[in-house]
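Breakdown of the fold
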Amino acid sequence: TENVQEEPELRYGIVLDAGSSHTSLYIYKWPANKQNGTAVVTQHSKCHAEGEGIASYAGQPGAAGQSLEACLDHAVKIIPKDKHQLTPVYLGATAGMRLLHLSSPELSTQILKEVGQKIQSYPFDYRGAAILSGKEEGAYGWVTVNYLSENFIKYGFEGHWFSPSRPTVGALDLGGASTQITFATQEKIENKDNLMKLRLYGHEYTLYTHSFLCYGKDQFLMTLLAHIMKSQGYPQSVTHPCYPADHSRTVKLSSILDSPCTVKYKPSSYDPHASVTVHGSGHYEYCLGNVSEVFSFNSCPFSQCSFDKVFQPNVTGGFMAFSAFFYVHSFLQQVTGITASSPSELQDVTKKVCSMSFTQMMLLAPEQKSRLHYYCAASVFLNTLMLRGYGFNDTTFPHISFQKKVADTMVGWALGYMLSLSNLLPGEQLELRKALTPGVWGSLIFLFVMLLAAVLSFCLFRVYNGQNKKRGSESTI
Ligand SMILES: Nc1ncnc2c1ncn2[C@@H]1O[C@H](COP(=O)(O)OP(=O)(O)OP(=O)(O)O)[C@@H](O)[C@H]1O
Ligand SMILES: [Ca+2]
């Protein structure tokens, strides 16, 4: 026989990640005959939709759907035509739409309907457009991280499936409007809202998960500014200790105070068309003080809390920190040349960034011009969230890996969502494909040949014996 290399037939799946800051369309692929293993499904292509997240088009009929067109057209081109109808497509919206649903349920329903209709006008297998709960977002992110890290099950060198019985890795996602922490734990989960049980590949995983709405990077910075404005008595010009000393910007009051996240800081009345000028002062200590005041570390109705009265067991094991956790951490590394891998290093690099002027940062990272003003604030926020909030310490922090991708696949909830909804993740142990080893196969052929030889010899013996008997009786006659 000759070994023939056949191109495996591919299947595709699409997820639109409708985040608060923007929408991304991911195309995944996998071999049609081999879909149940770990890390078999990989990212084929990604498309970044122009403009902001779908919730930003509230009150502009048609605009949210239109914002997806270019990426859906891209998917039509990139997926072979004969596979279009076999390709499931899902849209999942996250914290931006959760916030819009809080302030205007009708508008969020309208937008979901509109984007659903837009997707249905394409030749794919439409499977729905939905707002994910924070719990789902956290759990699907955890599934992605562990699927890509091959922690569930693996195709081993022995030639069969085996469970690596490796510990799983926790997931830390920092979006624009919410942040999620999810990890497997043996500790008692005191609030059932934080409990998630998943059965995957024959194992039951008990997860702790929590999503903090308003603690995404953008919403947090907005809340921080609202807090600073309030503490300074809403003047027309405020001093921001987290912005560089040589930087100032003007923002519309409504863009800060219209969010459900800043309700607590809203003055009783204000002119929504009015603006406020923000002058940076680059003062690390004051910045840390203000950032900490946005969190509530005071009361806890459980044995222990992260913050804002939310129960959290001790963090344990390895973690993967992605999205803005990765962006902020890698910026700190870029401008200081230090990879922060301990709490004290993280604090040191944050202090360094907070002491830099805008001009200095421009020399080190000119491509990030539009973001430079907020990196000190974002870094102080990241410090407070991870160290004081989640409680990572000298022992646990070094086990966090800040990553954007694993083997060319973006880390986020989107892959886990598609795997779960398309039944690409078996709940039970995979069936072992029973195959004979060459040794057993050879022995069986040998036995078969011996048996055949024995039967043939027996038959020949009977025939020969019969003829001899016949000859004997003829000679007697
Ligand atoms: N390349 C980048 N460098 C730095 N920051 C970035 C980059 N890309 C996105 N961001 C910022 O990181 C934050 C998180 O982005 P991400 O895309 O994860 O959020 P999202 O999915 O839109 O929000 P959410 O998950 O809360 O709905 C946002 O504030 C975004 O503006
Ligand atoms: Ca997100």
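Owing to the predicted nature of the structure, the values given are computational and were not obtained by experimental measurement.

**Considerations on the UniProt feature "binding site: ATP" (unreviewed entry) in the protein**
Summarizing the sequence annotation, UniProt attributes the feature "binding site: ATP" (unreviewed entry) to Gly 176, Ala 177, Ser 178, Thr 179 and Gln 180 in the numbering used throughout. Among residues more than four places away in sequence, those in contact with Gly 176 are Ser 20, Gly 216, Lys 217, Asp 218 and Gln 219. Given the relative accessible area of 3%, Ser 178 is considered buried. In this structure the side chain of Ser 178 is engaged in a polar contact, spanning 3.3 Å, whose partner is the side chain of Arg 98.

**Some remarks on the state of the cysteines**
Two cysteines whose sulfur atoms are joined by a covalent bond form what is called a disulfide. Enumeration according to the criterion identifies five disulfides in this entry. Each sulfur of the disulfide joining Cys 242 and Cys 287 lies 2.1 Å from the other. The sign of the S-S torsion, about 105°, decides the handedness of the disulfide formed by Cys 242 and Cys 287: right-handed. Here Cys 242 is found in the loop between strand S12 (237–240) and strand S13 (248–252), whereas its partner Cys 287 is found in helix H8 (residues 284–294), with 45 residues between them in sequence. Residue Cys 287 is classed as buried on the basis of its relative accessible area of 0%. Linked covalently through their sulfurs, Cys 300 and Cys 305 form a disulfide whose S-S length is 2.0 Å.

**Quick notes on the domain arrangement of the protein**
As assigned here, the protein comprises domain 1 (10–156 + 408–421) and domain 2 (217–402). Between the C-alpha centres of domain 1 and domain 2 there is a distance of 29 Å. Taken residue by residue, the interface counts eight residues in domain 1 and seven residues in domain 2. For the domain 1 and domain 2 pair, buried surface summed over both sides reaches about 580 Å², with 82% attributable to carbon and sulfur atoms.

**Describing the nonpolar core**
By size, the foremost hydrophobic cluster in this structure holds 68 residues, and its most contacted members are Leu 172, Phe 325 and Phe 392. Per element, the largest residue contribution to this core is ten residues, and it comes from helix H12 (residues 375–389). Excluding residues within four positions of it along the chain, Leu 172 makes contact with Gln 180, Ile 181, Phe 319, Met 320, Ala 321, Phe 322, Phe 325, Met 386, Tyr 390, Phe 392 and Ile 400. The next biggest cluster of nonpolar side chains, apart from the first, holds 38 residues, and it includes Tyr 28, Ala 139, Phe 322 and Val 406.

What counts as what
- Residues numbered from 1 in each chain as written.
- Chains lettered and ligands numbered in written order.
- Predicted model: local features only at pLDDT ≥ 70, side-chain atom pairs only at ≥ 80, totals over all residues.
- Heavy atoms only, no water.
- UniProt positions renumbered as here; feature names shortened; annotations may be inferred.
- Contact = heavy atoms within 4.5 Å.
- Buried < 20%, exposed > 50% of the residue type's maximum accessible area, 1.4 Å probe, protein only.
- Polar contact = N/O pair within 3.5 Å; in protein donor to acceptor, adjacent residues only side chain to side chain.
- Disulfide = S-S within 2.5 Å.
- Helix = DSSP H or I, 4+ residues; strand = E, 2+ residues; numbered from the N terminus.
- Domains from an automatic or database assignment.
- Buried area = accessible area lost by both parts, 1.4 Å probe.
- Core = buried A, V, L, I, M, F, W, Y, C linked by side-chain atoms within 4.5 Å.

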